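Observations on chain architecture
What follows is each chain in one-letter form.
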Amino acid sequence: MKILSIETSHDDTSLALYEDKKIIFEVNMSQTEFHKTYGGTIPEYASRGHYTNLYSALESMKEYDIETIDYIALTVMPGLVGSLNMGKVFANALSISLNKPIIEVNHMHGHIFAIEFNHEIKYPAIALIVSGGHTQLWYVKSPNELEIVGQTSDDAAGEVYDKVARRLNLGFPGGPQIDKIFSEYKGEYFDFSLKNDGSLDFSFSGLKTKILNYTNNFDKESQNTKQIAASFQLSIVNYLISKTKSAIEKYNPESIILGGGVSANDYLRKEFLKIHKNALVPEKRYSTDNAAMIAICAHLQHITKQ
Ligand code: KG4
Ligand code: ZN
């Protein structure tokens, strides 16, 4: 059973050829270099990027006989509307020309089930999904029974990383830069700690404001940039971990899953593995957006159950 999957929800154009939990071929065309100049993703440019990238991505699959696929899996939500629509038009054209059915996949479910490339989920599970657009805790009873039990009321964790990095002139996207500074940093930390109110919802606005206010006074020549970046990461990761612990206490899950772009963060991965005996972290290449996770999600949700 073969799936051709398509992911275009944000600025990455990604196609994968998948068969029974294995990736036969994948191509991921990032637009980060382009959007970097703007300090963030410009939705209209992202759609235009998909328009050209989708055809090149398909071209790169030439040596595979895509007529042998059984399904086309496609991210349909959530995401940037123009970007999602590019994927939809492309999937529809393929579906008509190849006469294969489309399976619609929720992008967030894709981030959750990406873990199945390397680990078997024990149900029920709690998933912490942290990306540039979302910060959510999910209760996952089975591949088709899952619900959001906590989410951010303001920015997403990745978005805060990107905004703090921009303020500190560290470039875009901010997560990898701040993570690198944190891993090399040996000094004292500022107290930017965020309080967990015991609920499963998140709020990052206090942390963001604290840091933005702080940087208004900092001297660019001094060591402060690294100290601020490292203290920020310590605070945000401790907060994400503390919220996940609250979810563990409430739901007593058999496993916990980490996913989304911010799950590439080394400190978060390390701390996450400490808080449950079945804590599962994804392969780094499947942390950020990719089509492989869309294929495995389609498989688990729509095909395995038949
Ligand atoms: O899931 P993703 O690739 O795209 C969205 O759907 O948003 O997540 C992108 C986000 C960006 O905000 C980026 O800064 C963050 O993931 N990110 C990281 C790391 N690598 C990427 N955040 C913290 N540490 C990292 N190592
Ligand atoms: Zn994502």
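First things first, this report covers the structure right here in the doc. (Residues numbered from 1 in each chain as written. Chains lettered and ligands numbered in written order. Predicted model: local features only at pLDDT ≥ 70, side-chain atom pairs only at ≥ 80, totals over all residues. Heavy atoms only, no water.)

Some points on the packing of helix α5 (residues 157–167) against helix α8 (residues 224–251)
Between α5 and α8, the least distance of the axes is 12 Å, while the angle of their chain directions is 170°. Between α5 and α8, the crossing angle belongs to the class labelled roughly antiparallel. Along the contact surface, α5 presents Ala-157, Val-160, Tyr-161 and Val-164, while α8 presents Phe-232, Gln-233, Ile-236 and Val-237. Here the contact of α5 with α8 is composed, by residue class, of 7 nonpolar, 1 polar and no charged. (Axes fitted to C-alpha atoms, helices over the stretch in contact; angles between N-to-C directions. Helix = DSSP H or I, 4+ residues; strand = E, 2+ residues; numbered from the N terminus. Parallel < 35°, antiparallel > 145°, perpendicular 65-115°, else oblique. Contact = heavy atoms within 4.5 Å. Nonpolar A, V, L, I, M, F, W, Y, C, P; charged D, E, K, R; others polar.)

Comments concerning helix α10 (residues 292–303)
Each α-helix winds once per 3.6 residues, and so residues spaced three or four apart point in a common direction. Helix length check: α10 (12 residues) gives 16 Å between terminal C-alpha atoms against 16 Å at 1.5 Å per residue, within 8%. Counting buried positions along α10 yields 11 of 12 residues, so the element is predominantly enclosed. (Expected span 1.5 Å × (residues − 1). Buried < 20%, exposed > 50% of the residue type's maximum accessible area, 1.4 Å probe, protein only.)

Details of a nonpolar patch on the surface
A contiguous nonpolar patch, built from Phe-34, Tyr-38 and Tyr-45 and spanning about 290 Å² of accessible area, is present on the exposed surface. Here Phe-34 falls in the partly exposed class, since its relative accessible area comes to 40%. (Patch = residues over 30% accessible without salt bridge, like charges linked within 9 Å, V, L, I, M, F, W, Y side chains within 5 Å. Areas by Shrake-Rupley, 256 points an atom, 1.4 Å probe, with all protein chains shown as cover. Salt bridge = Lys/Arg side-chain N within 4 Å of Asp/Glu carboxyl O.)

Some details on the coordination of the zinc ion (ligand 2)
Coordination of the zinc ion (ligand 2) by the protein involves His-107 (NE2), His-111 (NE2) and Asp-289 (OD), with metal-donor separations of 2.1 to 2.2 Å. In terms of primary sequence, the donors binding the zinc ion (ligand 2) are separated according to H-x3-H-x177-D. With His-111 in helix α4 (residues 107–113) and Asp-289 in the loop between β10 (279–280) and α10, this residue pair connects regions lying 178 residues apart in the sequence. We classify His-111 as buried; its relative accessible area is 1%. (Donors = N, O, S within 2.8 Å, 3.2 Å for Na, K, Ca; no water.)

Digging into the environment of Ile-248
With respect to the secondary-structure elements, Ile-248 resides in helix α8. Remark: the alpha-carbon pair of Ile-248 and Ala-125, spanning 123 residues in sequence, is separated by 9.1 Å.

Topic: the packing of aromatic side chains
One pass over the structure, following the stated rule, counts 16 aromatic pairs. Both rings, one in Phe-182 and one in Tyr-267, keep their centres 4.7 Å apart while their planes meet at 35°; by these two values the pair is tilted. Placement of the pair is Phe-182 in helix α6 (residues 174–184) and Tyr-267 in helix α9 (residues 266–272), with a sequence separation of 85 residues. The same class applies to Phe-182 and to Tyr-267, which are both buried. Plain terms: the ring middles of Tyr-185 and Tyr-189 are 5.5 Å apart, the flat faces sit at 65° to each other, and that makes the pair edge-to-face. Among the aromatic side chains, those forming a connected cluster through ring pairs are Phe-182, Tyr-185, Tyr-189 and Tyr-267. (Phe/Tyr/Trp six-rings, centres within 6.5 Å; stacked < 30°, edge-to-face > 60°.)

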